[in-house]
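For reference, the chains in residue letters:
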Amino acid sequence: MRPNIVSEAGLPTRLNQWWASVPFITSGIVFTCGIIYLVCLLVGYDSFSQICFSPFEIISHFQVYRMYTSVLFHGSLLHVLFNMLALVPLGTELERIMGSVRLLYLMLLLATTNSVFHLIIALLVANNPIHPLPFLETECAIGFSGILFAMIVIETSLSGIQSRSVFGLFNVPAKWYAWILLILFQFLASNVSFLGHLCGILSGFAYTNGLLNYLLPGPSFYSSIESSSILSFCVRRPRFILCTGGTTYGQLPTYTSTTAIPDGLRSGNLWRNISSWMPQRGASPAQSSEDPRFPGRGRALGSTRNQSAGPTESDVSLQARLLDNSTRSLEPLNLETQPTAARRLSLDTEVGSELVANNQGLDNFEEELKKLVVMGFEKTQAEVALAAADGDPNVAIEILMSQQQQ
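The structure contained in this document is the topic of the report that follows. In this text, all values refer to a predicted model and were calculated from it rather than measured experimentally.

Some points on the packing of aromatic side chains
Next up, step 1: Throughout the structure, instances matching the rule amount to 10 aromatic pairs.
Next up, step 2: Note on tryptophan 18 and tryptophan 19: the rings are 6.2 Å apart at their centroids and 50° apart in plane angle, and the pair reads as tilted.
Next up, step 3: Accessibility expressed as a relative area gives 39% for tryptophan 18, which makes it partly exposed.
Next up, step 4: With centroids separated by 6.1 Å and ring planes inclined at 75°, the aromatic side chains of phenylalanine 149 and phenylalanine 185 adopt a geometry described as edge-to-face. Here phenylalanine 149, found in helix α9 (residues 145-159), pairs with phenylalanine 185, found in helix α10 (residues 177-188); they are 36 residues apart in sequence, far enough to count as distant. Pair check on accessibility: phenylalanine 149 and phenylalanine 185 agree, each one buried.
Next up, step 5: An aromatic cluster of at least three residues, connected via ring pairs, comprises Tyr45, Phe48 and Phe73.
Next up, step 6: Just above the ring of tyrosine 222 sits the side chain of arginine 102; from NZ or CZ to the centre is 4.4 Å.

Considering the pattern of salt bridges
Next up, step 1: Applying the stated criterion across every chain, the model contains 1 salt bridge.
Next up, step 2: In this structure, glutamate 155 engages arginine 164 in a salt bridge whose closest nitrogen and oxygen atoms are separated by 2.1 Å. For the residue pair glutamate 155 and arginine 164, the accessibility class agrees, reading buried in each case.

A few points about the nonpolar core
Next up, step 1: In terms of nonpolar packing, the biggest core is built from 49 residues, with Leu87, Met98, Phe144, Met151 and Ile154 touching the most fellow members.
Next up, step 2: Sorting the residues of this core by element identifies α3 (24-43), α6 (77-98), α7 (100-126), α9, α10 and α11 (194-208) as the ones contributing at least two each.
Next up, step 3: A total of 9 residues in this core trace back to one element, the largest contributor, which is α9.
Next up, step 4: Look past the residues within four positions of isoleucine 154 in its chain and what remains in contact with it is Leu94, Met98, Leu106, Leu110, Gly204, Tyr207 and Thr208.

What about the state of the cysteines?
Each disulfide consists of a covalent bond between the sulfur atoms of two cysteine residues.
Next up, step 1: Evaluation of the coordinates by the stated rule reveals 1 disulfide.
Next up, step 2: Bridging cysteine 52 to cysteine 140, the disulfide has an S-S length of 1.7 Å. Sign of the S-S torsion, about -125° for the bond between cysteine 52 and cysteine 140, identifies this disulfide as left-handed. Here cysteine 140 lies in the loop between α8 (135-138) and α9 and cysteine 52 lies in the loop between α3 and α4 (55-61), a separation of 88 residues in the sequence.

Cut-offs and rules
Residues numbered from 1 in each chain as written. Predicted model: local features only at pLDDT ≥ 70, side-chain atom pairs only at ≥ 80, totals over all residues. Heavy atoms only, no water. Phe/Tyr/Trp six-rings, centres within 6.5 Å; stacked < 30°, edge-to-face > 60°. Buried < 20%, exposed > 50% of the residue type's maximum accessible area, 1.4 Å probe, protein only. Helix = DSSP H or I, 4+ residues; strand = E, 2+ residues; numbered from the N terminus. Lys NZ or Arg CZ within 6 Å of the ring centre and 35° of its normal. Salt bridge = Lys/Arg side-chain N within 4 Å of Asp/Glu carboxyl O. Core = buried A, V, L, I, M, F, W, Y, C linked by side-chain atoms within 4.5 Å. Contact = heavy atoms within 4.5 Å. Disulfide = S-S within 2.5 Å.

What follows is the structure in structure tokens.
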């Protein structure tokens, strides 16, 4: 017997397949950090004191660029390999949820907030009157691990996972995972910036708890970047994920704030901005009828009755919508009204009454309807299907069964 073709794939093929599954921004960060390390290795550059994160240099000489250059440089091969291997699953997961542009903005935001927290804590602890620790001001930190700790907190919050495995040895509660890693790295590795990792955790919690909402732009910001002609080449790449095309992972958290956000910081409706921070391919039934941005999406058979139709066109339009199962982009008859759940229920009753009135000539309509209800079909859907079938129960049953199979 011929062996499985999957088992015949060599290591280069498997690596290519693995690399092809990594999204655009995540693979770009891995490639950039790898190239920077190789260039430093080839030219013999080891003056990391010029680009590392140093609170003293940033405060005294206002070298703000250190907040970002320190993230891209690594001190050893093991350092860059460990960080990039940790980035690939985290970045892939978050990029598929958020989109490429949103993840890139998130990384820049995390790099900034990590640095701000690092500066504040380092200055406070180094100059405290009880037990000053001046070495924190002159500490030189490099590496992507601070952002990785923040991404661990964010990804754990978005996924809703309850437990995490620590190096495959034992499981711990997900809410303690980042803290346990923080402690383990201090014991297992030397020259590890405890404060850099701690500030990454703090940034992650600040983001997931909505403390950074003032710094999060609205959906138009990401749309304008994705539609820019300058970035059209990147957007056309197969691994680029649009902010409106991320994978939906259950109920994504909406980063609401306890204080009101001023209108000047958000364009448009507040709920529209909050609900669009996390992209979704589809919407729940409740959202599809209430979100004015996507009228008519995600409607089931019962919800197609919430549009007002005249007696002469109701049968034709209903029959066309019920029998055309090859398309999902159905246009509602009236896009100006978005009825609430209570009004939708009353409209269902009204449309059902109209359907009965339009078929008064059929003496057995009520009897056939009762038979369909006894068979287990919903009464309102049975009325619509029976009206579309001109009172023929066999055709009505075929319509109802086809709707249930979708």
